[in-house]
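Listed below are the residues making up each chain.
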Amino acid sequence: MPRTKVMAANWKMYKTPDQTSEFFRNFLPLVSGHSRDEIVVCPPFLDLPAALEASKESKIAIGAQNVHWKEEGAFTGETSAGQLLALGVSHVIVGHSERRQYFCETDDTVNLRLKAALEAGLIPICCVGEVLEEREAGLTDDVLRRQCVRAFHAISAKKAAKLIVAYEPVWAIGTGKTATPELAAEAHAVIRSEATEIFGEEFAGDLRILYGGSVKPENSKALMSQEEIDGALVGGASLDPKSFAAIVKY
Ligand code: PGA
């Protein structure tokens, strides 16, 4: 069975609730009838109600950009899996490189967030990827393997069933530099082989691994044509409805 692709938008810290509604007003007609792929939009927390309301008659899933590992408590500024589920959110991005780079996210906190998301029934999109110095030093495979081992620590294949992974080379995020389809496919194969070791062959064969890093309408088709690439996590180019629709429909 071929893996169904997941085309996901990561809006980062962009758009107000009104701008979110406007995006969907324009985006929905462009993808109506498009049933080949799963579409997920991950707006800022503040925009989740507007996104859920605007997408409720469609098949588009709505995701958050982070989740805390505790059910509740004195954790100012954090949001729990239960709170997201109560709103109707189904997906969550975990361990994005911007969280790792600017907000002290570590492999260990990624593991905690991932466990909490899976335990609660959210579908996590777990991000891994090397920085430029690591790639230049020939450390990409080691970094990807380490990030996977630590992120998936003490999670069973059964618990991880809904897991989605995103390979996002940090040097390609927001820089306009895209990994070549071949280079991305190589990294995906490393991630899939690590997933085989951790969760077994059957699980790894079904695991969707998305590519992220300067995906745009011009390169979507070439990237998505790689058998190893099971979708995209799109930042900048997902903010415009026409551009994201073109990426989805490559
Ligand atoms: P980009 O971001 O498409 O703007 O490079 C991708 C991401 O960070 O998920």
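Residues numbered from 1 in each chain as written. Predicted model: local features only at pLDDT ≥ 70, side-chain atom pairs only at ≥ 80, totals over all residues. Heavy atoms only, no water.

Visitor: Please provide a residue-by-residue account of the sheet that holds strand 3 (residues 61–64), values included.
Guide: The eight strands are arranged 1-2-3-4-5-6-7-8 in a closed barrel whose pairing can be described as parallel. For this sheet, the mean angle separating the axes of adjacent strands, direction not counted, is 25 degrees. Pairing of strand 6 (residues 164–167) with strand 7 (residues 208–212) involves four bridges; the strand directions are parallel. Residue pairing for strand 7: isoleucine 164 is matched across the bridge by arginine 208. (Pairing = 2+ DSSP bridges. Helix = DSSP H or I, 4+ residues; strand = E, 2+ residues; numbered from the N terminus. Axes fitted to C-alpha atoms, helices over the stretch in contact; angles between N-to-C directions.)

Visitor: Which residues make up the site of the ligand, and what values do they have?
Guide: As a structural note, the neighbourhood of the ligand is formed by 13 residues, with Lys12, His96, Glu168, Gly174 and Ser214 the closest of them. A distance of 2.7 Å separates an oxygen atom of the ligand from a polar backbone atom of glycine 174. Backbone polar atom of glycine 236 to an oxygen atom of the ligand: 2.9 Å apart, as the coordinates give it. For the ligand, whose unbound accessible area comes to 280 Å², protein coverage reaches 95%. (Near = heavy atom within 4 Å. Polar contact = N/O pair within 3.5 Å; in protein donor to acceptor, adjacent residues only side chain to side chain. Areas by Shrake-Rupley, 256 points an atom, 1.4 Å probe, with all protein chains shown as cover.)

Visitor: Lay out the side chain of histidine 68 with the relevant residues and their values.
Guide: For histidine 68, the location among the structural elements is in the loop between strand 3 and helix 3 (81–87). Its relative accessible area of 6% is what places histidine 68 among the buried residues. Here lysine 70 takes part through its backbone nitrogen, which lies 3.0 Å from a polar atom of the side chain of histidine 68. When sequence neighbours within four positions are dropped, the list of residues in contact with histidine 68 reads Phe75, Glu78, Thr79, Ser80, Ala81, Arg113 and Ala116. (Buried < 20%, exposed > 50% of the residue type's maximum accessible area, 1.4 Å probe, protein only. Contact = heavy atoms within 4.5 Å.)

Visitor: Break down the packing of aromatic side chains for me, with residues and values.
Guide: Given two aromatic rings, their pairing is described by the distance between the two centres and the angle made by the two planes. Enumeration according to the criterion identifies nine aromatic pairs in this entry. Taken together, a centroid distance of 6.3 Å and an interplanar angle of 55 degrees make the contact between tyrosine 167 and tyrosine 211 tilted. Linking tyrosine 167 in strand 6 with tyrosine 211 in strand 7, this pair joins segments that are 44 residues apart in sequence. Here a set of aromatic residues connected by ring pairs shows up, and it is made of Trp11, Phe23, Phe24, Phe27 and Phe244. Sitting over the ring of tryptophan 11, lysine 15 keeps its end group 5.2 Å from the ring centre. Just above the ring of tyrosine 250 sits the side chain of arginine 36; from NZ or CZ to the centre is 4.0 Å. (Phe/Tyr/Trp six-rings, centres within 6.5 Å; stacked < 30°, edge-to-face > 60°. Lys NZ or Arg CZ within 6 Å of the ring centre and 35° of its normal.)

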